[in-house]
Amino acid sequence: MNWLEALVKTHGIRSQNSADYLLKEGLPHRRLEPWRFTDLTALTNLEPLLLKKSGPVVHGQSPLFAPDVVRLTLDEGGGNFVLAQGSAAAPAGLRLDLENPAASKDLDSAWVFQLQNSIVGPSFNLVLGAAESLRLELCLNPTNSAALVNAKMQISLAEGASLELFVNIKGSTNSLVLLTLQATLGQGSSLLEAQNLIGAEGAVLLSGSEVNQAATSSYERTAVVHGWALARQEPRVVQNEGEAHTFLRDLAIAAENNICDLHSVVRFDGPNGRLEQLQKALVDDAGRSIFNGAVQVPKLAQGTDASQLSRHLLLSDRARVDSKPELAIVADDVRCSHGATISSLATDELFYMQSRGISRQQAVSLLKLGFCQQIINFLPPIAVSGCSLEAVLKP
Amino acid sequence: MIVSAATSEPLLEISNLRASVAGQEILCGINLTINQGEIHALMGRNGSGKSTLSKLIAGHPSYEITAGSIRFRGLDLAQMPPEERSRIGIFLGFQYPVEIPGVSNREFLRVSTNARRVASGLEELDTFSFDDHLQERLELVQMDPAFLGRSLNEGFSGGEKKRNEILQMALLEPDLAILDETDSGLDIDALRIIADGVKQLAGPQNATLLITHYQRLLDAITPDYVHVMAHGRILRTAGPELALELERRGYDWIDQEAGINSRAEAIEEAEHELA
């Protein structure tokens, strides 16, 4: 029995179609372009038979009490979402025990979705009606090591609806966290998604999202990921009719032997769409950051305004960065820009700080924090409460 | 307030200092003594070595001392890291202060102020006490408090950056302030505010070294001594009248008296240094 087979058979099958697909395709390998730089050793080092569904994950109230926030966590068996202590009442459109067998769409990079869909796990389905609004927090902090968390979010926002979604995950040692989001945004709706994803030794995160935007909708994603042996994120956004706004902000911190891998795709299937994407990674020790940012602007997407900036800070000779902007622009009346930088800490910045009595060690720490702050500033307080990056960034 | 004991020992004593960067000699035997209570002005063409000297005193790692010494209150600075130099009372006001996105100006000021205070045997200031202290100092440079909430120097105009430098000087209360072309890029009003701030901070317990090209700063702050640098050496030292003479006659006559014949040669050498 190979690794995938052991995983699927041990933890129950959610979708037979996905399981069949997965077992036929097997694990991704380096000959596949989207996986060319991704070392899956951390994943296969996890022993499928030892992984256990996460138990209850939140005790007490949120560090930052917000009475209007609906807070979801897992039940004792780790198989279903439940309302956490201190949560606001669930709205009518939220269903917590829904098993939706619908497989992911036919995407090139759908392996993560197929993996998640193969294994039984908690899911929720949220439908917000026209002009409704909600603040929703997902808090998944497994207490046991070798935990398996397999969370699926399905969201539909009607015209003018507004959702703030906070995802706080703190992985435990040797845990496997699978997290997907499928969202449909109606006209004029807004989804603000903030993810704070903190790993642990040997822990692996595989996440994917598919967000489909109608005209005049707004999708804003801010994600901070650090501390995972392997973290692979695959956000995919399609502006179905153009005329929408998309903001993607990602920060990865890779130290020791961590691998942070971000493969994003934004596609404009209509005119006058707008994208602002900022990806930053701080890479230390033997850490590795991989960024592949695809922006697809077909001929019908005239008037698109898209910018993509990737910035990497290398702090060690052993650290490695693979950055690949991938702009496919066919339309001729567009404004598309991209930039990618890889640098180490600037001597003049260090000297400036030291010349004010700040030790080199503290200056390095301040500069690292400053580098990250540009993304962290977009996280709402509820998404950073209880998990300070300052502690992580201290030398 | 940070108070240092007055001594008869020179505050700064530079002896036969030679220094290089990337194997290129830039300072070729500098001698300079500064005592408490004195204001010195250092003038010279671009590339004459003025900024190099200031960075060497502050401890920039790119410059290497190849001969001679820099002593501050009798302490040899050669092996001392920049932060230690700051903590014992040396301050460099930068010609081009760096912009550091993401680092809060207020937090930077608080951390640096406390580093100096702890080194001086004073208690660290908590956030509230520091804000009170900061408010007083802000008035000295007439700086908009809104700049405190921004990232360090990010998006500041040239004048705002220079005010922020003087604000740092006011907070750190150095024994020796070296101001590297603090007057460059300032309009008349900003220059007056900066000059007033520097004058208020200058006293019998400390000393100031002004690096400048222009008489207009020295109209506002009268130096006790004026030094002229060229080709990595101090060629002439005199009283404030020397600055006025330079304003009238330029630098060629200094070169000629020092036996450097060609101005073109001097410029070429300066440009080479800059490159």
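Residues numbered from 1 in each chain as written. Chains lettered and ligands numbered in written order. Predicted model: local features only at pLDDT ≥ 70, side-chain atom pairs only at ≥ 80, totals over all residues. Heavy atoms only, no water.

Observations regarding the packing of helix H2 (residues 16-25) of chain A against helix H4 (residues 111-118) of chain A
Residue and element names in this part refer to chain A. The criterion, for reference: To get an axis, fit a line to the C-alpha atoms, keeping to the stretch in contact for a helix; angles then go from 0 to 180 degrees between the N-to-C directions. Numbering of helices and strands runs from the N terminus; a helix is a DSSP stretch of H or I covering at least four residues, while a strand is a stretch of E covering at least two. Reported orientations rely on four angle classes, namely roughly parallel under 35 degrees, roughly antiparallel over 145, roughly perpendicular from 65 to 115, and oblique for the rest. Crossing handedness is read from the near helix: turned anticlockwise from the far helix by less than a right angle, it gives a left-handed crossing, and turned clockwise, a right-handed one. Note on contacts: a residue pair is in contact if any heavy atoms of the two residues lie within 4.5 Å.
Between H2 and H4, whose axes approach to 8 Å, the crossing angle comes to 125°. Classified by the interaxial angle, the pair formed by H2 and H4 is oblique. Of the two possible hands of crossing, H2 and H4 adopt the one that is left-handed. Packed against H2, whose contacting residues are Ser-18, Ala-19, Tyr-21 and Leu-22, the element H4 presents Trp-111, Gln-114, Leu-115, Asn-117 and Ser-118 at the interface.

Thoughts on the interface of chain A and chain B
We count it as follows: Here's the idea: put two parts together, see how much 1.4 Å probe accessible area each one loses, and the total over both is what we call buried area. Within this document, salt bridges are pairs made up of a side-chain nitrogen of Lys or Arg and a carboxyl oxygen of Asp or Glu, the two lying within 4 Å of each other. Here a polar contact means two N or O atoms within 3.5 Å. Within protein one must be a hydrogen donor candidate and the other an acceptor candidate, and residues neighboring in sequence count only if both atoms are side-chain atoms. Charged means Asp, Glu, Lys or Arg here, nonpolar means Ala, Val, Leu, Ile, Met, Phe, Trp, Tyr, Cys or Pro, and polar covers whatever is left, Gly included.
Every contact between the two is made by 19 residues of chain A and, on the other side, 31 residues of chain B. Note on chain A versus chain B: buried area summed over both sides is about 1,900 Å², and carbon and sulfur give 68% of it. Linking chain A to chain B there are one salt bridge. For Glu165(B), the salt bridge is made with Arg356(A), and the minimal N-O distance between the two is 2.8 Å. Scanning the region where chain A abuts chain B turns up 12 residue pairs in polar contact (both at pLDDT 80 or more). The set of elements that each furnish at least two residues to the side of chain A that touches chain B consists of helix H5 (347-354) and helix H6 (360-376) of chain A. In terms of residue class, the side of chain A that touches chain B is made up of seven nonpolar, eight polar and four charged.

Looking at helix H4 (residues 127-141) of chain B
Residue and element names in this part refer to chain B. Operational definition: Under the convention used throughout, the expected extent of a helix is 1.5 Å for every residue step, that is, one less than its residue count. Buried residues are those whose accessible area, probed at 1.4 Å on protein chains only, stays under 20% of the maximum for their type, while exposed residues exceed 50% and partly exposed ones sit between those limits.
For H4, with 15 residues, the first-to-last C-alpha span of 21 Å sits near the 21 Å given by 1.5 Å per residue. If you check which residues of H4 are buried, you get Phe-130, His-133, Leu-134, Arg-137, Leu-138, Leu-140 and Val-141. Buried residues along H4 sit in contact with helix H3 (105-119), helix H5 (158-172) and helix H6 (188-201). Its side-chain oxygen placed 3.1 Å from the backbone nitrogen of Phe-128, Asp-126 serves as the N-cap of H4. Backbone geometry just after H4 places Gln-142 at a positive phi near 50°.

Observations regarding the pairing of strand E5 (residues 123-128) of chain A
All names here are of chain A. Quick reminder of the rule: Being paired, for any two strands, means DSSP has found at least two bridges between them.
Burial within E5 is extensive, with five of its six residues counted as buried. As paired elements, strand E4 (residues 94-95) and E5 share two bridges and run antiparallel to each other. Within E5, the position partnered with Arg-95 by the bridge is Asn-125. When E5 meets strand E7 (residues 147-157), the two strands line up parallel, connected through six bridges. Of the residues in E7, the one forming a bridge with Leu-126 is Ile-155.

Observations regarding the side chain of Asn258(A)
Residues and elements named next belong to chain A. Summarising the element assignment, Asn-258 is placed in the loop between strand E14 (245-254) and strand E15 (259-268). The class for Asn-258 is buried, based on a relative accessible area of 10%. A distance of 3.2 Å separates the side chain of Asn-258 from the backbone oxygen of Trp-228, its partner in a polar contact. Setting aside chain neighbours within four positions, we find Asn-258 in contact with Gly-227, Trp-228, Ala-229, Ile-253, Gly-287 and Arg-288.

A word on the pattern of salt bridges
All told, the structure shown has 29 salt bridges over all chains when counted by the stated rule. Glu33(A) is the salt-bridge partner of Arg36(A), the closest N and O atoms lying 3.3 Å from each other. Residue classification places Glu33(A) among the partly exposed positions, given a relative accessible area of 41%. We note a salt bridge from Arg45(B) to Asp252(B), for which the minimum N-O separation is 2.6 Å. Taken together, the residues span a long stretch of sequence, with Arg45(B) in the loop between strand E3 (39-44) and helix H1 (50-58) and Asp252(B) in helix H9 (residues 252-257) at a distance of 207 residues.

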